[in-house]
Amino acid sequence: MTAAATAKTSGAFDQDFTADLDSARAAFGSGRTRSLSWRTAQLEGLLRFIDECEPEIAAAVESDLGRSPMATFMADIGPVRHEIRHTLSHLAHWMRPNPVRMSAATAPGKAWSLPEPLGVVLILGTWNFPVLLTVQPLVSALAAGNTVVLKPSDAAGRTGALLARLLPRYVDPEAVRVVLGDGKVNRRLLEQRFDHIFFTGSTTVGKAVMTAAAQHLTPVTLELGGKSPVIVTADADLEVAARRIAWAKSINAGQTCIAPDYVLVEDAVRPQLVERLLAELPAHGSNDTTRIVNERQLDRLAGALASHGGEQFGGVIDRAKLTLTPALVTDPDPSSELMREEIFGPILPLLSVENVRHAIEFVNRRPKPLALYLFTSSRDTERTVLEQTSSGAVVVNHLLYHLLVPELPFGGVGDSGLGNYHGKHGFDTFSHYKAVLRKPSRPDPAAAYPPYGATMQKILRRLMG
């Protein structure tokens, strides 16, 4: 282990974070992180890390989750590479001052906002996409000129150890400090003062992060989850809808924050959609080698399958291999755990509704989701759903793809998250836009100061009213 990364194993962390924080603060205080050249060097280093270490990354993820190298390329490697390249191509423009027009009341002078880095950022990653959801926010934080304490999830320990070992070779090791450990380490990190905290994980833990951050009035970005619904209308292409829903649900064994969490289908086409899903779910599930991350999560999913009150198809558990085959559950009890809590596994509940209006009402009675998916051929229906629901994102006639568009903000609303990132939105999240106003020393007429005569009062009311 080099001095560049502070890496401790879970359960063996017995010292404070003084060295990591002091290093990150000293690097930021040096002023070097503000330059375009430093930021570009960090991003180019991250790109080399992704390009040169892809085999090692894929092997670590496979060890942690059982996911195949190609699936890791699609889910972790490719999106991060695209994010870095997009950021590099736009960074100089994003860093420019943003001029603001002066009104007659404030002229003469010049005004602009200046993006500046926040300082030392804490990034708490998660395990289900251990590179994507740890390195992608790091891209945005470094692009904005911050230094970072990076804490990968201990549930993907091999990948976290790889990040701790290799990242210091590619980025400024004093400015990026990698800390390993379990939830106790997370809690101790949250006791420290940071300039921004970025957390990806569950809504429950997100609330705890926000509570801890409030002790220092530290701003937070919370990338959480929730129950992302799929609405399938009678005029949808059911064959395509079923194939795409099954594909999205099967990715990473359903352990995806934007996975379809339940389906609402219009009564008129329910039998056809169920038939197609029963064919598509096993087919797509057989292509995914990802395990359920641990026994605790498998037990949770088994409990949800034992108490849903609906009709179940599939869902075979192999405890020795930590696997669960895709399950379709029709007509579950809306108050069951399966319909109350985010599933985070390869289980797909399906309920029928009389019409789109009832589907909208069903969605709106629940916490706002991270994503909402709609399958329809009607632009009027699309417009209605967009106007009458609230979610982090909406995808029409597909699922998940909004994650791959860096120009779109990625984030939730309400219980599904606070703030967003990706592309320019990530740069903005990790920047403070400082207002700057410059006035000339002359002219400096006495009439501009009180007491104001009657004529000057009229002028000021006209200019400022």
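Values in this document were obtained by computation on a predicted structure and should not be read as measured data. (Residues numbered from 1 in each chain as written. Predicted model: local features only at pLDDT ≥ 70, side-chain atom pairs only at ≥ 80, totals over all residues. Heavy atoms only, no water.)

**A few points about the overall build of the protein chain**
Moving on, step 1. Tallying secondary structure elements over the protein chain gives 16 helices and 20 strands in all.
Moving on, step 2. In summary, the protein chain has a C-alpha radius of gyration of 25 Å against a globular reference of 23 Å for 465 residues, a match within 12%.
Moving on, step 3. The principal-axis extents of the C-alpha atoms in the protein chain amount to approximately 85 × 60 × 40 Å.
Moving on, step 4. Per-residue burial for the protein chain yields a buried fraction of 52% across its 465 residues.
Moving on, step 5. The contacts in the protein chain between residues at least 6 apart in sequence include a share of 72% that link residues at least 24 apart.
Moving on, step 6. With the model as given, the accessible surface of the protein chain reaches about 20500 Å², and the carbon-plus-sulfur share is 54%. (Helix = DSSP H or I, 4+ residues; strand = E, 2+ residues; numbered from the N terminus. Rg over C-alpha atoms; globule rule 2.2 N^0.38 Å. Buried < 20%, exposed > 50% of the residue type's maximum accessible area, 1.4 Å probe, protein only. Contact = heavy atoms within 4.5 Å. Areas by Shrake-Rupley, 256 points an atom, 1.4 Å probe, with all protein chains shown as cover.)

**With respect to empty space enclosed by the protein**
Moving on, step 1. Taken as a whole and judged by the stated rule, the model has two cavities of 30 Å³ or more.
Moving on, step 2. Volume-wise, the largest cavity comes out at about 40 Å³.
Moving on, step 3. Taken together, Arg300, Leu301, Ala304, Glu337, Leu338, Glu341, Glu342 and Ile343 form the lining of the largest cavity.
Moving on, step 4. Counting only elements with at least two residues in the lining of the largest cavity, the list comes to helix H11 (295–305) and helix H12 (337–340). (1 Å grid on protein atoms, 1.4 Å probe; cavity = no way out; pocket = protein on both sides within 12 Å on 5 of 7 lines; lining within 4 Å. Points joined across faces, edges and corners; volume = space filled by probe spheres on them.)

**Some remarks on the layout of surface pockets**
Moving on, step 1. In this structure, the largest pocket encloses a volume near 1300 Å³.
Moving on, step 2. What lines the largest pocket is a set of 48 residues, among which Gly201, Ser202, Thr203, Thr204 and Val205 lie closest to the centre.
Moving on, step 3. Counting only elements with at least two residues in the lining of the largest pocket, the list comes to helix H7 (183–190), strand E6 (196–200), helix H8 (203–214), H11 and H12.
Moving on, step 4. Broken down by element, the lining of the largest pocket gets its largest block of residues, six residues, from H8.
Moving on, step 5. Per-class residue counts for the lining of the largest pocket are 16 nonpolar, 16 polar and 16 charged.
Moving on, step 6. Taken as a whole, the second largest pocket encloses approximately 650 Å³ of empty space.
Moving on, step 7. Among the secondary structure elements, those contributing two or more residues to the lining of the second largest pocket are helix H4 (69–94), helix H5 (132–143) and helix H9 (238–250).
Moving on, step 8. Examining the composition of the lining of the second largest pocket, we find that four residues originate from one element, H4, more than from any other.
Moving on, step 9. Partitioning the lining of the second largest pocket into residue classes produces 16 nonpolar, eight polar and two charged. (Nonpolar A, V, L, I, M, F, W, Y, C, P; charged D, E, K, R; others polar.)

**Here's the deal with the side chain of Asp261**
Moving on, step 1. When you line up the elements, Asp261 lands in the loop between H9 and strand E9 (262–266).
Moving on, step 2. The exposure class assigned to Asp261 is buried, which follows from its relative accessible area of 3%.

**Let's talk about the pattern of salt bridges**
Moving on, step 1. This model, assessed by the stated rule, comprises 17 salt bridges.
Moving on, step 2. The partner of Lys227 in a salt bridge is Asp261, with the nearest N and O atoms 2.2 Å apart. Taken together, the residues span a long stretch of sequence, with Lys227 in the loop between strand E7 (220–223) and strand E8 (229–232) and Asp261 in the loop between H9 and E9 at a distance of 34 residues.
Moving on, step 3. You can call Lys227 buried: its relative accessible area is 14%. (Salt bridge = Lys/Arg side-chain N within 4 Å of Asp/Glu carboxyl O.)

**A short note on the UniProt feature "active site" (unreviewed entry) in the protein chain**
Moving on, step 1. Here the UniProt feature "active site" (unreviewed entry) sits at Glu223.
Moving on, step 2. Tracing the sequence through the fold places Glu223 in strand E7.
Moving on, step 3. When neighbours within four sequence positions are excluded, Glu223 is seen to be in contact with Phe198, Phe199, Thr200, Gly201, Phe410, Gly411, Gly412, Gly419, Asn420 and Tyr421. (UniProt positions renumbered as here; feature names shortened; annotations may be inferred.)

**Re a nonpolar patch on the surface**
Moving on, step 1. A surface patch of nonpolar side chains, amounting to about 290 Å² of accessible area, comprises Ile459, Leu463 and Met464.
Moving on, step 2. With respect to the secondary-structure elements, Met464 resides in helix H16 (residues 454–464).
Moving on, step 3. A relative accessible area of 62% means that Met464 is categorised as exposed. (Patch = residues over 30% accessible without salt bridge, like charges linked within 9 Å, V, L, I, M, F, W, Y side chains within 5 Å.)

**Things to note about helix H6 (residues 157–166)**
Moving on, step 1. Listed as buried for H6 are Thr159, Gly160, Leu162, Leu163, Ala164 and Leu166.
Moving on, step 2. Residues of H6 that are buried in the fold lie against helix H2 (36–52), helix H3 (54–65), H5 and strand E5 (176–178).

**Digging into the pairing of E8**
Moving on, step 1. Because side chains alternate across E8, one face comprises the buried residues Pro229 and Ile231, and the other comprises Val230 and Val232, equally buried.
Moving on, step 2. Where E8 lies against E9, four bridges are found, and the strand directions are parallel. Paired with Val230 across the bridge in E9 is Val263.
Moving on, step 3. Both E8 and strand E15 (residues 372–375) contribute to a ladder of three bridges, which runs parallel. Pairing of Ile231 across the sheet is with Leu374, part of E15. (Pairing = 2+ DSSP bridges.)

**Some words on the nonpolar core**
The nonpolar side chains of a soluble globular protein tend to be buried with one another.
Moving on, step 1. Counting 83 residues, the largest nonpolar core has Phe49 and Val232 as its most contacted members.
Moving on, step 2. Of the residues forming this core, the biggest block, eight residues, is contributed by H5.
Moving on, step 3. With sequence-adjacent residues up to four places away left out, Val232 is seen in contact with Leu238, Ile245, Val263, Leu264, Val265, Glu266, Leu273 and Phe375. (Core = buried A, V, L, I, M, F, W, Y, C linked by side-chain atoms within 4.5 Å.)

**Topic: unusual backbone geometry**
Moving on, step 1. Pro443 follows Arg442 through a cis peptide bond whose omega is 5°.
Moving on, step 2. Along the chain, Pro443 falls in the loop between strand E20 (431–438) and H16.
Moving on, step 3. Geometrically, the link from Pro450 to Pro451 is a cis peptide bond, its omega value of 0° lying close to zero.
Moving on, step 4. Positive phi outside glycine occurs at Phe344, with the angle close to 55°.
Moving on, step 5. With respect to the helices, strands and loops of the structure, Phe344 is situated in the loop between H12 and strand E14 (347–353).
Moving on, step 6. Judged by its relative accessible area of 17%, Phe344 is buried.
Moving on, step 7. If you check the backbone angles, Asn397 has positive phi at about 65° while not being a glycine.
Moving on, step 8. Tracing the backbone shows Asn397 in the loop between strand E16 (394–396) and strand E17 (410–411).

**Regarding the sheet that holds strand E3 (residues 120–124)**
Moving on, step 1. Strands sit in the order E5-E4-E3-E6-E7-E18 across an open sheet of six strands; the sheet is mixed. What marks the edges here is a single partner per strand, and that holds for E5 and strand E18 (417–418).
Moving on, step 2. Bridge count between E7 and E18: two bridges; the pairing is antiparallel. Bridging from a neighbouring strand, Glu223 pairs with Gly417 of E18.
Moving on, step 3. Taken strand by strand, H5 contacts E3, strand E4 (147–151), E5 and E6, and its axis lies near 170° from that of E4. (Axes fitted to C-alpha atoms, helices over the stretch in contact; angles between N-to-C directions.)

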